[in-house]
Amino acid sequence: MSFRTLSLSLAALLSSTAAAAQPADGEAAFRATYKELVETNTTLSAGSCTLAAERMAARLKAAGFPAGDLHLIVAPGHPKEGSLVAVLPGRDPAAKAVLLLAHIDVVEANRADWERDPFTLVEENGFFFARGSSDDKAQAAVWVDTLARMKREGYRPNRTIKMALTCGEETAGAFNGAEYLAANERQLIDAEFALNEGAGGLLDRSGKPIILNIQAGEKFPQNYRFEVTNPGGHSARPVRENAIYRLSDALLKVRAYDFPIEANAATRGYFAAMAKLTDGPAGQAMAAFAANPNDLAAARVMADTNPSWNGILHTTCVATMLEGGHATNALPQRARANVNCRIFPGTSVEQVRRALEQVVADPQVKISALETRSKVSAPPPLTDRVVGPARQVAQEMWPGVPFVPVMSAGATDASFLTPAGIPTYGLSGFFSDAEGSHAHGLNERMGVKSLLDGRRYMYRLVKLYADN
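Residues numbered from 1 in each chain as written. Predicted model: local features only at pLDDT ≥ 70, side-chain atom pairs only at ≥ 80, totals over all residues. Heavy atoms only, no water.

Caption draft 1: Representation of the side chain of Glu 197. Tracing the backbone shows Glu 197 in the loop between β7 (193–196) and β8 (201–203). Put simply, Glu 197 is tucked away with no salt bridge, and the nearest opposite charge, on Arg 373, sits 7.3 Å away. Of the polar contacts made by the side chain of Glu 197, one reaches the side chain of His 103; its length is 3.2 Å. (Helix = DSSP H or I, 4+ residues; strand = E, 2+ residues; numbered from the N terminus. Buried < 20%, exposed > 50% of the residue type's maximum accessible area, 1.4 Å probe, protein only. Lys, Arg positive; Asp, Glu negative; His and termini not counted. Salt bridge = Lys/Arg side-chain N within 4 Å of Asp/Glu carboxyl O. Polar contact = N/O pair within 3.5 Å; in protein donor to acceptor, adjacent residues only side chain to side chain.)

Caption draft 2: Expanded view of the packing of helix α2 (residues 27–38) against helix α3 (residues 49–62). Their axes nearest at 10 Å, the elements α2 and α3 cross at an angle of 165°. The pairing of α2 with α3 is recorded here as roughly antiparallel in orientation. Crossing hand, α2 versus α3: right-handed. For the pair formed by α2 and α3, the contact residues are Ala 29, Ala 32, Thr 33, Glu 36 and Leu 37 on the first element and Ala 52, Arg 55, Met 56 and Arg 59 on the second. In the contact of α2 with α3, the residues fall into five nonpolar, one polar and three charged. (Axes fitted to C-alpha atoms, helices over the stretch in contact; angles between N-to-C directions. Parallel < 35°, antiparallel > 145°, perpendicular 65-115°, else oblique. Left-handed = near helix turned anticlockwise from the far one by under 90°. Contact = heavy atoms within 4.5 Å. Nonpolar A, V, L, I, M, F, W, Y, C, P; charged D, E, K, R; others polar.)

Caption draft 3: Structural context of the packing of aromatic side chains. Using the criterion set out here, one finds 11 aromatic pairs in the structure. With 5.8 Å between their ring centres and 90° between their planes, Phe 271 and Phe 289 make a pair best called edge-to-face. Of this pair, Phe 271 sits in helix α7 (residues 265–275) while Phe 289 is found in helix α8 (residues 280–291), placing the two residues 18 residues apart along the sequence. Taken individually, Phe 271 and Phe 289 each receive the classification buried, so the pair is uniform in this respect. Three or more aromatic residues joined by ring pairs make a cluster, and in this case those are Phe 30, Tyr 34 and Phe 128. (Phe/Tyr/Trp six-rings, centres within 6.5 Å; stacked < 30°, edge-to-face > 60°.)

Caption draft 4: Local environment of helix α5 (residues 177–184). Taken together, the buried positions of α5 are occupied by Gly 177, Ala 178, Leu 181 and Ala 182. Across the axial projection of α5, the buried residues extend over an arc of 135°, all falling on one side. Those residues of α5 hidden inside the fold are in contact with β1 (70–73), β2 (83–88), β6 (161–166) and α13 (414–417). The N-terminus of α5 is capped by Asn 176, whose side-chain oxygen sits 2.9 Å from the backbone nitrogen of Ala 178. (Arc of directions from axis to C-beta.)

Caption draft 5: Quick look at the sheet that holds strand β5 (residues 127–129). With respect to topology, three strands assemble into an open sheet ordered β4-β5-β19, the strand pairing being antiparallel. Looking at the sheet topology across the chains shown, the edges are occupied by β4 (122–124) and β19 (445–447). When strand polarity is set aside, the average angle formed by the axes of neighbouring strands in this sheet is 25°. With three bridges joining them, β5 and β19 adopt antiparallel strand pairing. Within β19, the position partnered with Phe 127 by the bridge is Gly 447. (Pairing = 2+ DSSP bridges.)

Caption draft 6: Main features of the state of the cysteines. Across all of its chains, the model carries two disulfides by this definition. Disulfide pairing places Cys 49 opposite Cys 167 at an S-S distance of 2.2 Å. Disulfide Cys 49-Cys 167: torsion about the S-S bond near 65°, hence right-handed. You can see Cys 49 sitting in helix α3 and its partner Cys 167 sitting in the loop between β6 and α5, a full 118 residues away along the chain. Given a relative accessible area of 1%, Cys 49 falls into the buried group. At a sulfur-sulfur separation of 2.0 Å, the disulfide partner of Cys 317 is Cys 341. Between Cys 317 and Cys 341, the disulfide has an S-S torsion of 110° and is therefore right-handed. Note that Cys 317 is positioned in strand β12 (residues 316–324) and Cys 341 in strand β14 (residues 334–343), a separation of 24 residues in sequence. Listing the disulfide partners of the protein chain by sequence rank of the bonded cysteines yields 1-2, 3-4. (Disulfide = S-S within 2.5 Å.)

Caption draft 7: Examining the pairing of β14 more closely. Across the 10 residues that make up β14, a large majority, seven, are buried. When strand β10 (residues 220–229) meets β14, the two strands line up antiparallel, connected through 10 bridges. For Val 228, the partnering residue across the bridge sits in β14 and is Ala 335. With eight bridges connecting them, β12 and β14 associate as antiparallel partners. Of the residues in β14, the one forming a bridge with Gly 324 is Ala 335.

Caption draft 8: Focus on the sheet that holds β10. If you trace the four strands from one edge of the open sheet to the other, you get β12-β14-β10-β15, paired in antiparallel fashion. Looking along the sheet, the strands with just one partner apiece sit at the ends: β12 and β15 (366–369). Going across the sheet, the axis of each strand differs from the next one's by a mean of 25°, ignoring polarity. Strand contacts of helix α6 (residues 243–256): β10, β12 and β14, with the helix running at about 15° to β14, the strand carrying the most contacts. Packed on one face of the sheet, helix α11 (residues 349–360) meets β10, β12, β14 and β15 and runs near 40° to β10.

Caption draft 9: Representation of the environment of Gly 454 in the model. If you trace the backbone, Gly 454 turns up in helix α14 (residues 448–466). The exposure class assigned to Gly 454 is buried, which follows from its relative accessible area of 0%. Counting along the chain gives 253 residues from Gly 454 to Gly 201, while the straight-line C-alpha distance between them is 9.9 Å. If sequence neighbours within four positions are ignored, Gly 454 has contacts with Ser 428, Gly 429 and Phe 430.

The following block contains the structure:
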């Protein structure tokens, strides 16, 4: 063997060894995308979603997307709250698209309160730490990476794949990109259905996956103002008729009231699955309720056991803010409270307002609905078209792990798309332990393995959806 041949053979061996040591699916590129997105500040106070959208568009352009398939949407008057819509055209123009949705804005984070810089991605002890590392830049980065990989591979789906990265999900009352797209760019984001944040999986104490959820529907958030007015007077001449006292009496009635128990396909499916994983009376109650949602005794056991279970059994209302009086030495002329309700799908904002009036039973307490987030809609149907492929890929990756529908007690941007005719489901493939991701709180985190497994899951699933 000549020296040249030996050198070439050795070079080939080293090259193959190096290749074997590197992930074959572009993990390094994904990590770079995730890092850049997380480290782009997108808080309402000091950040820019538009900058983040531009950076993600640049990555897709580098992967081969033409400019005509990348749409930066910046609404008038909101220069830093831009959205990005990317389109990977399908072969069949008659087949409706699949939409990949994620928000790229994040909750505020004070550096002084955090153990680490919230806008520097840190990998430590099996977790990524940073604001947005979980909510929702993990999913946004997965969507960008998925489209970039597909473009680089020359993949041509049967049906078009669209992606929308939006701003404003985290701040009530602020500009919302998903709402804007649904109202002003409906055709651009039109799809048979959308995949969104809202559901993941649960790990046991040893880190073993025990359940994976798909979110189908969410409760509707609505604030109501309770207000009492009074002539007031000097505090040296007190009387029993007092605006603060009357408001307090009304709030105590709300505290004592439970809205009627309700159920839908998602909640019954969730409790049926959780019954097999839950010991004792709670597990028995779950099984009984899943079989018969009119079993109020079973519902009461669940509601008393876990506030999260209580949150998906019925509409809930809770006082969250108070204000009253105008001087320390005067009888209050006005007292107000904010009552935040999470409304079970199928019930209107006005129905809940009237129910609260009946509960309070005091005409001097004025109850009014404040700004409504979006239209109220029924939960999206759990069809085989959506659930079948998601369950199939989940079983291939995590054999034997139950794939379970769930309804969220919180709210996402699905509340804008589902009423607009794009059924939106929460699905990520991200698993977390019982401690969770600390989303919205200090030291937000995302498990490294969870993120990479979710990335693989969603890439395979999106391909399966797009080719059927």
